[in-house]
Amino acid sequence: MTLLLNGSLTKISGLNFRVQNEDERAMSEVAKIGVVTVSDRASRGEYEDRGGPAIREYLGEVLRSAWTDHPVIVSDEQADIEAAIIRLADDEGCCLIVTTGGTGPALRDVTPEATEAVCQKMMPGFGELMRQESLKYVPTAILSRQTAGIRGGALVVNLPGQPKAIAECLDAVFPAIPYCVDLIGGPYMTTNEDRLKAFRPKSARRPPASE
Amino acid sequence: MTLLLNGSLTKISGLNFRVQNEDERAMSEVAKIGVVTVSDRASRGEYEDRGGPAIREYLGEVLRSAWTDHPVIVSDEQADIEAAIIRLADDEGCCLIVTTGGTGPALRDVTPEATEAVCQKMMPGFGELMRQESLKYVPTAILSRQTAGIRGGALVVNLPGQPKAIAECLDAVFPAIPYCVDLIGGPYMTTNEDRLKAFRPKSARRPPASE
Amino acid sequence: MTLLLNGSLTKISGLNFRVQNEDERAMSEVAKIGVVTVSDRASRGEYEDRGGPAIREYLGEVLRSAWTDHPVIVSDEQADIEAAIIRLADDEGCCLIVTTGGTGPALRDVTPEATEAVCQKMMPGFGELMRQESLKYVPTAILSRQTAGIRGGALVVNLPGQPKAIAECLDAVFPAIPYCVDLIGGPYMTTNEDRLKAFRPKSARRPPASE
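What you see is a predicted model, and the numbers here were worked out from it, not measured in a lab. (Residues numbered from 1 in each chain as written. Chains lettered and ligands numbered in written order. Predicted model: local features only at pLDDT ≥ 70, side-chain atom pairs only at ≥ 80, totals over all residues. Heavy atoms only, no water.)

J.: When you look at the overall build of chain A in this model, what are you seeing that I'm missing?
T.: Scanning chain A for helices and strands turns up eight helices and eight strands. Relative to its full complement of 211 residues, chain A shows a buried share of 57%. For chain A, the accessible surface area stands at approximately 8,900 Å², while carbon and sulfur atoms represent 49% of it. (Helix = DSSP H or I, 4+ residues; strand = E, 2+ residues; numbered from the N terminus. Buried < 20%, exposed > 50% of the residue type's maximum accessible area, 1.4 Å probe, protein only. Areas by Shrake-Rupley, 256 points an atom, 1.4 Å probe, with all protein chains shown as cover.)

Structure (structure tokens):
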């Protein structure tokens, strides 16, 4: 596993250093981020995964605080998608799990069902806003059934399969993600503010879980 | 219990008088409104409830027809929230039950789950519109999981916990509430039209249930 | 059953002809469309069905490729609505089933519940967009609980009962319907483009299922 710091690959031996300010504190808590590509063809190696790399590139651009990348490629089987989310949330301790693919109306598109099956709480606002954003580009945006939810300490967000749609959707919802991760007890994430500004209420400049 | 008439506290001994016109008729049917504050700290008395009073102040400003206020403060326990909604709907005969708090992504935020568990019908349009309105102010509006539903003769609407967000959300959905209450057989509610205009289709100037 | 071609009634003896171009090909696959009017009064003959005819008129205006109309009128009983959708999808082979009525908050409004009970996949984007469109006309649009889903090879879409609202809602979502039908293996539908433009991604000018 590699540690990505400010978007560049970095090897560091230890992460325990004195917390002095917000930046240092944020850096001391590495955000583990699961990236789940859902695709029959990519999982059989017949097709190069383009969704996963698009998500990682996006995160590298947007995140300022440290994060590690936990990639998985699974087929469009509900049981496999569920198992991947469970492992990333429960065993690997990811605070954010982003899926790509499997959100359409076709028979084998079951990512939203898998997400709902393993989450304790659903977050309907994510899907609503992402569809609304995508509608600015294509009227078929309503065919995406993408949703989001919470499993334990992880926020799970479905994204569409098309690399181009991934950045559009993430631009819409990412400003709310760091505060959401605060609220579920995860690390304090910061963004490159000239690229994307994360929003936190004034009363919550520090996450309640780590005070 | 106090009867609030046109926003001012009034004690009246009987409510049976000859129905002459819409205003009189509306006054003859008192709308019982439950206000459920969901907060661990407020329920233990460690924190002053600000959500409940903000809702009552709003209703006092907006409603022209008579209403009574049925306030409850409960902890963030799903069973307690469910019990409060059931009692207000089934025993106290409320036609409208408004909750505040417990709609976020945190572990103890379970108001939407409690609402869904006790409602026969869900009304997804309320949550969608309230999130969309709140998005005009903060990008974290998508973290609110607030919903609405129908239990018997009561419309149950979740609102966020922040007093400021309560009026924003109610301004968005309240124009549809009196007609919704008509459709579920409740009293004919009227509003102070210079503050907020309730909408009813022309064909429904009188509620079907009380004709 | 009558075959409607370009909006006019046509009797044709056979539909097997050489596929030469997109138009001919589209014509060779007749889209079977179920139209379910949900209304206690219309099902008892006390009230003339106006929703069903409004939908058929709309389809006649908008569709260029061939379609047949499969009309049903049922009462507001969940079991009857479910049975109608199942028969149209499974026995008659409809690729699109449109319902009208029964989407409100009243006791007997159960069309969304019936739809959800018989669909394998829900399509939340349809209801969201239709409510958003209707909100441009009336604030009570949020009271409509209309949804959409997939049952086998059929897309099921709930519409409101009012004839006027039917065209507003269909104008919003119809541009995405032909591509959705492609994705679930149905016939290639085309529209009268000066009336309404269906959208398909460039990569999907032909439906995957029939290649």
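J.: Can you walk me through the state of the cysteines in this structure?
T.: What is meant by a disulfide is a covalent connection between two cysteines, made through their sulfur atoms. Applying the stated criterion to the full structure yields zero disulfides over all chains. Left without a disulfide partner, Cys169(B) is nearest to the cysteine sulfur of Cys180(B), which lies 17 Å away. According to the relative accessible area criterion, Cys169(B) is buried, its value standing at 0%. Here Cys180(C) is not disulfide-linked; the sulfur of Cys95(C) is the nearest cysteine sulfur, at 9.9 Å. (Disulfide = S-S within 2.5 Å.)

J.: Just to check I follow, could you spell out the interface of chain C and chain B for this structure?
T.: Put simply, an interface is often sized by how much accessible area is lost when its parts join up. Facing the 17 residues of chain C at the interface are 19 residues of chain B. When the two sides are added together, the surface that chain C and chain B hide from each other amounts to roughly 1,500 Å², 72% of it contributed by carbon and sulfur. Its largest share of buried area at the contact with chain B, chain C owes to Pro105(C), Ile142(C) and Leu143(C), together 39% of the area lost on that side. The shortest N-O distance in the salt bridge between Glu128(B) and Arg131(C) comes to 2.7 Å. There are five residue pairs in polar contact (both at pLDDT 80 or more) connecting chain C and chain B. The element best represented in the side of chain C that touches chain B is helix α6 (residues 124-134) of chain C, accounting for three residues. Of the residues assigned to the side of chain C that touches chain B, the class counts are nine nonpolar, three polar and five charged. (Contact = heavy atoms within 4.5 Å. Buried area = accessible area lost by both parts, 1.4 Å probe. Salt bridge = Lys/Arg side-chain N within 4 Å of Asp/Glu carboxyl O. Polar contact = N/O pair within 3.5 Å; in protein donor to acceptor, adjacent residues only side chain to side chain. Nonpolar A, V, L, I, M, F, W, Y, C, P; charged D, E, K, R; others polar.)

J.: Explain the packing of α6(C) against helix α7 (residues 163-173) of chain C here, please?
T.: All names here are of chain C. Contact pair α6 / α7: the axes reach a minimum separation of 9 Å and the direction vectors enclose 125°. The pairing of α6 with α7 is recorded here as oblique in orientation. Between α6 and α7 lies a crossing of right-handed hand. Contacts from Phe-126, Leu-129, Met-130, Glu-133 and Ser-134 of α6 reach α7 at Cys-169, Ala-172 and Val-173. Tallied by class, residues from the contact of α6 with α7 come to six nonpolar, one polar and one charged. (Axes fitted to C-alpha atoms, helices over the stretch in contact; angles between N-to-C directions. Parallel < 35°, antiparallel > 145°, perpendicular 65-115°, else oblique. Left-handed = near helix turned anticlockwise from the far one by under 90°.)

J.: How should the relation of the copies chain A and chain C be read in this particular structure?
T.: Each copy superposes on the other: chain A lies on chain C with an RMSD of 0.0 Å after a rotation of 120° and an axial shift of 0.0 Å. Taken together, the turn and the small shift mark the pair as related by a three-fold rotation axis. Residue Glu128(A), judged by its C-alpha, is the member of chain A lying nearest the rotation axis, at 4.3 Å. Residue by residue, only 12% of the interface of chain A is reproduced at the interface of chain C, so the copies engage with different surfaces. (Least-squares fit on C-alpha atoms with pLDDT ≥ 70 in both.)

J.: How do you make sense of the interface of chain A and chain C when you look at a structure like this?
T.: Facing 17 residues of chain A, the contacting portion of chain C comprises 19 residues. Taken over both partners, the interface formed by chain A and chain C buries close to 1,400 Å², and the fraction arising from carbon and sulfur atoms is 72%. Put simply, chain A and chain C have one salt bridge between them. Our enumeration of links across chain A and chain C arrives at five residue pairs in polar contact (both at pLDDT 80 or more). When residues of the side of chain A that touches chain C are assigned to their parent elements, the largest contribution, four residues, is made by helix α6 (residues 124-135) of chain A. Of the residues that constitute the side of chain A that touches chain C, the class distribution is nine nonpolar, three polar and five charged.

J.: It is not clear to me how the nonpolar core should be interpreted in this structure. Could you clarify?
T.: Across soluble globular proteins, you tend to see nonpolar side chains buried next to one another. Within the largest apolar cluster, 39 residues are counted, with the highest numbers of intra-cluster contacts made by Ile33(B), Leu96(B), Phe126(B), Leu155(B), Leu159(B) and Phe174(B). Non-local contacts of Phe174(B), meaning those with residues more than four positions away in its chain, are made with Tyr58(B), Leu59(B), Val62(B), Leu63(B), Leu96(B), Met189(B), Thr191(B) and Leu196(B). (Core = buried A, V, L, I, M, F, W, Y, C linked by side-chain atoms within 4.5 Å.)

J.: Can you walk me through the environment of Ile150(A) in this structure?
T.: Within the secondary structure, Ile150(A) sits in strand β7 (residues 148-151). Residue class for Ile150(A) comes out buried when judged on its relative accessible area of 3%. Distance in space between the C-alpha atoms of Ile150(A) and Gly60(A) is 23 Å, their sequence separation being 90 residues. When near neighbours in sequence (up to four residues on either side) are disregarded, Ile150(A) contacts Cys119(A), Gln120(A), Lys121(A), Met123(A), Leu155(A), Cys180(A), Ile184(A) and Pro105(B).

J.: I'm lost on the pattern of salt bridges in this one. Help?
T.: Pairing of side chains with opposite charge becomes possible as their charged atoms draw close. Residue and element names in this part refer to chain C. By the definition in use, this model includes 39 salt bridges over all chains. Note that Asp-182 and Arg-200 form a salt bridge whose closest N and O atoms lie 2.6 Å from each other. Residue Asp-182 is found in helix α8 (residues 177-183), and its partner Arg-200 is found in the segment after α8; the two are separated by 18 residues along the sequence. The partner of Lys-197 in a salt bridge is Glu-193, with the nearest N and O atoms 2.9 Å apart. Residue classification places Lys-197 among the exposed residues on the basis of a relative accessible area of 56%. Classification of Glu-193 as partly exposed rests on a relative accessible area of 48%.

J.: Just checking my understanding: could you explain the pairing of strand β8 (residues 154-159) of chain A for this structure?
T.: Regular strands place their side chains on alternate faces of the sheet. Residue and element names in this part refer to chain A. Counting buried residues along β8, six of its six residues qualify, which places the element largely inside the surrounding structure. Of the two faces of β8, the one holding Ala-154, Val-156 and Asn-158 and the one holding Leu-155, Val-157 and Leu-159 are both buried throughout. As paired elements, strand β5 (residues 96-100) and β8 share five bridges and run parallel to each other. Within β8, the residue paired with Leu-96 across the bridge is Leu-155. Two elements, β7 and β8, share four bridges in a ladder whose sense is antiparallel. If you follow Gly-149 over to β8, its bridge partner there is Val-156. (Pairing = 2+ DSSP bridges.)

J.: Just to check I follow, could you spell out the relation of the copies chain C and chain B for this structure?
T.: Each of the two copies of the chain can be brought onto the other by a rotation about an axis and a shift along it. After a rotation of 120° and a shift along the axis of 0.0 Å, chain C superposes on chain B with an RMSD of 0.0 Å. A different interface surface on each copy is seen, since only 12% of the contact residues of chain C are contact residues in chain B too.

J.: In this structure, what is going on with the packing of aromatic side chains? I would like to understand it.
T.: Working definition: an aromatic ring pair is given by the centre-to-centre distance plus the angle between the planes. A complete count under the given rule lists three aromatic pairs over all chains for this structure. Seen from the ring of Tyr47(B), Arg41(B) lies directly overhead, with NZ or CZ sitting 4.5 Å from the centre. (Phe/Tyr/Trp six-rings, centres within 6.5 Å; stacked < 30°, edge-to-face > 60°. Lys NZ or Arg CZ within 6 Å of the ring centre and 35° of its normal.)

J.: Can you help me understand the environment of Gly101(B) in this one?
T.: All names here are of chain B. Its location among the elements puts Gly-101 in the loop between β5 (96-100) and α5 (111-118). Sequence spacing of Gly-101 and Ser-39 is 62 residues, and the spatial spacing of their C-alpha atoms is 6.4 Å. Discounting chain neighbours no more than four positions away, the residues touching Gly-101 are Val-38, Thr-111, Leu-159, Pro-160 and Gly-161.

J.: Quick question: what am I supposed to make of helix α5 (residues 111-118) of chain A here?
T.: Each turn of an α-helix holds 3.6 residues, which means side chains three or four residues apart point in the same direction. All names here are of chain A. The set of residues buried in α5 consists of Thr-111, Pro-112, Ala-114, Thr-115 and Val-118. Buried residues along α5 cover an arc of 160° about the axis, so they all sit on one side. Where α5 is buried, its residues meet β3 (31-38), α4 (78-91), β5, β7 and β8. (Arc of directions from axis to C-beta.)

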